[in-house]
Amino acid sequence: MTTNHHQYVNSFKEYLINDKSASPNTIKSYIFNLEQYFSFFPSNPVISRANIKEYKKKLSHLSPATINQKISTLKSFNEYLLENNLIDSILIVKNDFIKIQSRGNPTTVTNKQIAKFFNKVLTKPCVYQSRNIALIFLIAHTGIRREEVCNLKLSGIDLENNEITLRGKGDKVRTVVLEDRQTIEYIKQYLRDRASHKNAASEYLFLSERGDHLTKETINDIFNFYCTPKNKITPHSLRHNFATTAIEQGIYDITQLRDQLGHASISTTQIYTHPRKDVMKKRARLLKIG
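Residues numbered from 1 in each chain as written. Predicted model: local features only at pLDDT ≥ 70, side-chain atom pairs only at ≥ 80, totals over all residues. Heavy atoms only, no water.

## Details of the pattern of salt bridges
Working step 1: Taken as a whole, this structure holds 9 salt bridges when the rule is applied.
Working step 2: Taking the shortest distance from any N to any O, the salt bridge between Lys188 and Glu185 comes out at 3.8 Å. In this pair, Lys188 and Glu185 both sit in helix α8 (residues 181-194), 3 residues apart, roughly one turn of the helix.
Working step 3: Judged by relative accessible area, which is 27%, Lys188 ranks as partly exposed.
Working step 4: Across the pair Arg258 and Asp259 runs a salt bridge, and its minimum N-O distance is 3.3 Å.
Working step 5: Using a relative accessible area of 25% as the deciding quantity, one classes Arg258 as partly exposed.
Working step 6: A relative accessible area of 43% places Asp259 in the partly exposed class. (Salt bridge = Lys/Arg side-chain N within 4 Å of Asp/Glu carboxyl O. Helix = DSSP H or I, 4+ residues; strand = E, 2+ residues; numbered from the N terminus. Buried < 20%, exposed > 50% of the residue type's maximum accessible area, 1.4 Å probe, protein only.)

This is how it looks when you write it as C-alpha cells:
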C-alpha cells in the first residue's frame, strides 16, 4: 500500500498533541503550513532537500518572519519523521532560515500612557468594575498572557505566598510571582464581589456573564472599554511594559524574567534589554555632534 502525505500529516498532528503538548493555535498553524508545502509536492509523502530549496523560492514573496515560521514547521516535521524512522537525517539546515535584524524593544507604550489608562480603569463606572480592575492590574504587574488569564483558576491563586499558578501555551503549568500589594488588594475585593455572582461555583477566577470564564475576545472588549483613540492599551502591551520595566528597574535578571514570562528561549526575553523607543528619543535629543 502506498503511503500518502495525508497519513503522515495526520500522525504528525497526533504527535504534536500527545508528545509535544502543543497549543491548538500552534497545531493549526503547523498543519496549514504542511498542507501548503505538500500542495507543491503532492507525489512525495515526506520531505526532500531539493523540495525544501524549491519551496523557499516559492515563498520568496513573503516576509522573512513568515518564511522562517514555515521553515520551522518543516523542521519540526523533519524531527518527527526522524524519530519515527521515516527519514534518516535532518534536512533543514541553519541557512534555510532567514536572518532577521533585531527590531529592538517591542514596548510601544510609555509610563505616562499606562498611568492614564490605569486612572480610566479605576474611575470609569462599570457593572464589573472590581473584576476588570483586578484583571488589568494582574496583567500589568505579572506580565501574564491573555490566554493564561482566561484559564486562571481559583485554586491557582495563593495570595498568602504571593504566587499564581498558570496553565498556558501547550497546557504547560508554571508559577509566577505577584508582589504588588495594591494588585493583591484589588484581587481580594474582586473575590468578595465574585461570591455573589451567579457563576460563583465556577473553578475559574475571572467570570463572565454568559459563561463560567472569560474568553480572549471578552478580555479584548474589556481593554477597549477603557481605551481612547489616543491611548490604545492592549493585554500584550501591558505584558511588554511589565518586562521592560522589570529590566529597567533591575527587578529581575534576564533568566528570572524569562521564567516569569514563560518564554521557552532566553533569546526571546533578551529583546527587553534594549531601551524602549521613547527612552532612545530622549537620549537622542542630548546628542551633540561637531
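## Observations regarding the packing of helix α6 (residues 129-142) against α8
Working step 1: One way to put it is that α6 packs onto α8 with a least axis distance of 8 Å and a crossing angle of 150 degrees. On the basis of the axis angle, α6 is roughly antiparallel to α8. Read as a crossing pair, α6 and α8 show a hand that is left-handed. Touching Ser130, Arg131, Ile133, Ala134, Phe137, Leu138 and His141 of α6 are Gln182, Thr183, Tyr186, Ile187, Gln189, Tyr190 and Asp193, all from α8. (Axes fitted to C-alpha atoms, helices over the stretch in contact; angles between N-to-C directions. Parallel < 35°, antiparallel > 145°, perpendicular 65-115°, else oblique. Left-handed = near helix turned anticlockwise from the far one by under 90°. Contact = heavy atoms within 4.5 Å.)

## Quick look at the packing of aromatic side chains
Working step 1: Taken as a whole, this structure holds 19 aromatic pairs when the rule is applied.
Working step 2: Both rings, one in Tyr37 and one in Phe38, keep their centres 5.1 Å apart while their planes meet at 80 degrees; by these two values the pair is edge-to-face.
Working step 3: Residue classification places Phe38 among the buried positions, given a relative accessible area of 1%.
Working step 4: A connected cluster of aromatic rings, assembled from ring pairs, spans Phe12, Tyr15, Tyr30, Tyr37, Phe38, Phe40, Phe41, Tyr55, Phe77 and Tyr80. (Phe/Tyr/Trp six-rings, centres within 6.5 Å; stacked < 30°, edge-to-face > 60°.)

## Brief notes about the nonpolar core
Working step 1: Phe117, Leu135, Ile136, Phe206 and Phe223 are the most contacted members of the largest nonpolar core, which totals 38 residues.
Working step 2: Contributions of two or more residues to this core are made by α5 (111-123), α6, α7 (146-151), β2 (163-167), α8 and α9 (216-226).
Working step 3: Looking at this core element by element, the count peaks at 8 residues for α6.
Working step 4: With residues up to four places along the chain from it excluded, the contact list for Ile136 reads Phe117, Phe118, Val121, Ile222, Phe223, Tyr226 and Leu238.
Working step 5: Val9, Phe12, Ile47 and Leu74 belong to the second largest nonpolar core, which has 26 residues in total. (Core = buried A, V, L, I, M, F, W, Y, C linked by side-chain atoms within 4.5 Å.)

## As for the side chain of Ser48
Working step 1: Along the chain, the position of Ser48 falls in the loop between α2 (24-40) and α3 (49-58).
Working step 2: Using a relative accessible area of 19% as the deciding quantity, one classes Ser48 as buried.
Working step 3: A polar contact is formed between the side chain of Ser48 and the backbone nitrogen of Asn51, at a distance of 3.1 Å.
Working step 4: In this structure Ser48 touches Tyr37 and Leu91, once residues within four positions along its chain are discounted. (Polar contact = N/O pair within 3.5 Å; in protein donor to acceptor, adjacent residues only side chain to side chain.)

## A short note on the environment of Arg210
Working step 1: Assignment of secondary structure puts Arg210 in the loop between α8 and α9.
Working step 2: Residue class for Arg210 comes out exposed when judged on its relative accessible area of 87%.
Working step 3: Distance in space between the C-alpha atoms of Arg210 and Lys198 is 9.9 Å, their sequence separation being 12 residues.

## Description of the pairing of strand β3 (residues 173-177)
Working step 1: What you see with β3 is a clean split: Arg174 and Val176 sit on the buried side and Val173, Thr175 and Val177 on the side with no burial.
Working step 2: For β2 and β3, the ladder comprises 5 bridges, and the chain directions are antiparallel. Paired with Ile164 across the strands is Val176, a residue of β3. (Pairing = 2+ DSSP bridges.)

## Some details on the environment of His5
Working step 1: As for its placement among the helices and strands, His5 is situated in helix α1 (residues 5-18).
Working step 2: Residue His5 is classed as buried on the basis of its relative accessible area, which comes to 8%.
Working step 3: For His5 and Lys99, which are 94 residues apart along the polypeptide, the C-alpha to C-alpha distance reads 30 Å.
Working step 4: Look past the residues within four positions of His5 in its chain and what remains in contact with it is Glu35, Phe38, Pro42, Asn44 and Pro45.

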